[in-house]
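Survey of secondary and tertiary structure
Listed below are the residues making up each chain.
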Amino acid sequence: KRIDLHKMFELINGKIIASRTVSQDSDLQQTNNGSKQLTDKLSDAFVDNLLSRNPSNLTVGLNLASFLMDSGWYVEATKVLFALEDCFKESLSPGTRNDISSKLLHALSEYRQFDMAEQVMKKLSVFSGIQAGNSPAELCEISNYFYWRSLCPDAHSYGMKAIKSVS
C-alpha cells in the first residue's frame, strides 16, 4: 500500500510539474510567483496544522516525515521534523525526542547538510549518550552519517554496534 501511495504521490507531483513547464520562461515566472510542488504544500499544511498542538500530530508528523524521506524529499521532511521538535519541545518523551533526532540525522545526512547534521548528532548524544542506550535504528543513522562524511572506520564501528544490538 505504501508503494502504491508513493506512486500516486509522484504521479500527482509529476502532473503539477508538467503543467507548469510549458516553457522555461513561464516556468521560472511561475516558480517566482509562488507555485509550489505538492511536497511543499503538504509539509507547509502540516506545519500550519501544528498550531493546534493536537498530540496526534506527533505520530502523523513522524509518519509524514518518513513518507517524504522514502521519496527523497529530505528538505520537506526536515521542515516537518524541525516543526515537530519545536512545537512539542516541552512534552516530548526521551524516546520520541531520539526518534525525531535520528530521523533528522538521516534526512540531513542524505541531503549532505553536514553542519546541521552535526548539531543533531550533538543533541542525540546529549539525550541518550552515543555509546550506551542507543537503539539499533539510532546507531544505524549514526553509522550512515559517518559513512556520508567518508569517515569509514567510524561508520563501520557504529554499523557493527547496530548489528550487535539487534536482539
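The following paragraphs examine the structure supplied in this document.

About the criteria used
Residues numbered from 1 in each chain as written. Predicted model: local features only at pLDDT ≥ 70, side-chain atom pairs only at ≥ 80, totals over all residues. Heavy atoms only, no water. Axes fitted to C-alpha atoms, helices over the stretch in contact; angles between N-to-C directions. Helix = DSSP H or I, 4+ residues; strand = E, 2+ residues; numbered from the N terminus. Parallel < 35°, antiparallel > 145°, perpendicular 65-115°, else oblique. Left-handed = near helix turned anticlockwise from the far one by under 90°. Contact = heavy atoms within 4.5 Å. Expected span 1.5 Å × (residues − 1). Buried < 20%, exposed > 50% of the residue type's maximum accessible area, 1.4 Å probe, protein only. Phe/Tyr/Trp six-rings, centres within 6.5 Å; stacked < 30°, edge-to-face > 60°. Lys NZ or Arg CZ within 6 Å of the ring centre and 35° of its normal.

The subject of this paragraph is the packing of helix α5 (residues 74-87) against helix α6 (residues 94-110). Two elements in contact, α5 and α6, have axes separated by 9 Å at closest approach and are oriented at 155°. Here α6 runs roughly antiparallel to α5, going by the angle between their axes. The two elements α5 and α6 meet at a crossing, and its hand is left-handed. Along the contact surface, α5 presents Y74, T78, L81, F82, L84 and E85, while α6 presents I100, S101, K103, L104, H106, A107, L108 and E110.

What follows concerns helix α4 (residues 56-70). Between its first and last C-alpha atoms α4 spans 21 Å; for 15 residues at 1.5 Å apiece the expected length is 21 Å, and the two agree. Within the span of α4, buried status applies to N57, L58, G61, L62, L64, A65, S66, F67, L68 and M69. One or two residues past the end of α4 sits G72, with phi positive at roughly 85°.

This next bit is on the packing of aromatic side chains. Using the criterion set out here, one finds 4 aromatic pairs in the structure. Ring plane angle 70° and centroid distance 5.0 Å describe the contact between Y147 and W148, whose orientation is recorded as edge-to-face. Relative accessible area serves as the criterion here: at 48%, Y147 is assigned to the partly exposed category. Feature note: the residues F114, Y145, F146 and Y158 constitute an aromatic cluster, connected by ring pairs. Above the plane of the ring of W148 lies R112, whose end atom (NZ or CZ) is 3.5 Å from the centre. Over the ring of Y158 we find K161; its NZ or CZ atom is 4.5 Å from the centre of that ring.

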